[in-house]
Amino acid sequence: MQHEDTVKNRNLDQITSLKLQAPMSVNRLCMLGTYVPNLVELDLTDSFLPSFRDFAFKLDNLKVLKVASCHLKSLDGVWNIPNLEELFASDNDINDLMLCSTLVKLITLDLSRNKIMDLTRLHFLNFCEQLQSLSLSGCPVAKVENFEKNVRNILPNLNHFNGNQNLEIEQVKPKLTIESIVCGNITAALRSRKTNYSGNKDVQIGDRNKVLNDEKK
């Protein structure tokens, strides 16, 4: 009781940025959102956090989270941080991206050196409509043939991938689709028809003048 009164008297609601390292014995991080309700940035690098459920509770204002090297095995519980914009979770044991689909405001995602193996799971990141930067360097999936090209095809709106800016000539060129081919053919046909019509019209006028001249003769 004395401990709780001490915490309350420290005006922790004014803290917006916090960095701490939680050892294996700590199991009260779930109270962070209660004690520090206005956290915007949280750095737990090198802590022992097998799950986001260990600390992600009532963190509605959190926008930046750093959990590199925290022994994380999954993204279970990440939905409890609905306004997260930047997640740095490199050097963990995360193997699935499905739960990232709950982070609809996510802009930056760093999952370098995790255990992600399945390229098709990247499709879940399309639910993160604001995602601009992604890093998967050092993951097993990075060994897939034409990896970066496949990622660009799956996530065409990315601006940065693995630290590199995604600006390629292929992305600047207009895409050739069935619709564009059909429209192109129709346009060409209309132009050809217009040209033929103009030519035929001239011939018809010329023939008519010839007939009139013959009649005068």
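Fair warning: this is a prediction, and the values are worked out from it, not measured in the lab.

**A short note on the sheet that holds strand β6 (residues 133–135)**
Logical step 1: Reading across the sheet, the 8 strands line up as β1-β2-β3-β4-β5-β6-β7-β8 and stay open at both edges, with mixed pairing between neighbours. Edge positions in the open sheet fall to β1 (17–19) and β8 (164–165), since each of these has one partner strand only.
Logical step 2: Pairing of β1 with strand β2 (residues 41–43) involves 3 bridges; the strand directions are parallel. Following the sheet pairing, Lys 19 is matched in β2 by Asp 43.

**Some points on the packing of aromatic side chains**
Logical step 1: Enumeration according to the criterion identifies 2 aromatic pairs in this entry.
Logical step 2: Where Phe 52 meets Phe 55, the ring centres are 5.6 Å apart and the plane angle is 40°; that geometry is what we call tilted. Each member of the pair, Phe 52 as well as Phe 55, carries the same accessibility label: buried.

**Observations concerning the nonpolar core**
Logical step 1: In this structure, Phe 52, Phe 55, Leu 65, Val 67 and Leu 87 are the most contacted members of the largest nonpolar core, which totals 46 residues.
Logical step 2: Residues contacting Phe 55, with those up to four places away along its chain left out, are Leu 29, Cys 30, Leu 42, Leu 44, Leu 49, Leu 65 and Val 67.

**Regarding unusual backbone geometry**
Logical step 1: Unlike most non-glycine residues, Ser 69 shows phi in positive territory, near 55°.
Logical step 2: Here Ser 69 lies in the loop between β3 (64–66) and β4 (86–88).
Logical step 3: Taking the relative accessible area as the measure of exposure, Ser 69 reaches 27% and is therefore partly exposed.
Logical step 4: We note that Asn 162 has phi near 55°; this positive angle belongs to a residue other than glycine.
Logical step 5: Its location among the elements puts Asn 162 in the loop between β7 (160–161) and β8.

**Quick word on the state of the cysteines**
Logical step 1: One pass over the structure, following the stated rule, counts 0 disulfides.
Logical step 2: Free of any disulfide, Cys 100 has its nearest cysteine sulfur in Cys 128, 5.8 Å distant.
Logical step 3: When its relative accessible area of 0% is taken as the criterion, Cys 100 is described as buried.

**A closer look at the confidence of the model for the chain**
Keep in mind that low pLDDT regions are not for reading the predicted coordinates in detail.
Logical step 1: The predicted model of the chain has a mean per-residue pLDDT of 78, with 69% of residues at 70 or higher.
Logical step 2: Long-range and interchain partners of residues 1–9, a stretch whose pLDDT sits below 50, account for 3 contacts in this model, where long-range means more than four residues apart.
Logical step 3: Taken as a whole, residues 201–205 scores under 50 in pLDDT and shows 0 contacts with residues more than four places along the chain or in a different chain.

**Things to note about the environment of Glu 148**
Logical step 1: Residue position: Glu 148 is located in helix α3 (residues 147–154).
Logical step 2: Of the residues examined, Glu 148 reaches a relative accessible area of 38% and is grouped as partly exposed.
Logical step 3: Through-space distance from the C-alpha of Glu 148 to that of Asn 162 is 9.1 Å; in sequence the pair is 14 residues apart.
Logical step 4: Here Glu 148 is in contact with Phe 161 and Asn 162, once residues within four sequence places are set aside.

Analysis parameters
- Residues numbered from 1 in each chain as written.
- Predicted model: local features only at pLDDT ≥ 70, side-chain atom pairs only at ≥ 80, totals over all residues.
- Heavy atoms only, no water.
- Pairing = 2+ DSSP bridges.
- Helix = DSSP H or I, 4+ residues; strand = E, 2+ residues; numbered from the N terminus.
- Phe/Tyr/Trp six-rings, centres within 6.5 Å; stacked < 30°, edge-to-face > 60°.
- Buried < 20%, exposed > 50% of the residue type's maximum accessible area, 1.4 Å probe, protein only.
- Core = buried A, V, L, I, M, F, W, Y, C linked by side-chain atoms within 4.5 Å.
- Contact = heavy atoms within 4.5 Å.
- Disulfide = S-S within 2.5 Å.
- pLDDT = per-residue confidence, 0-100.

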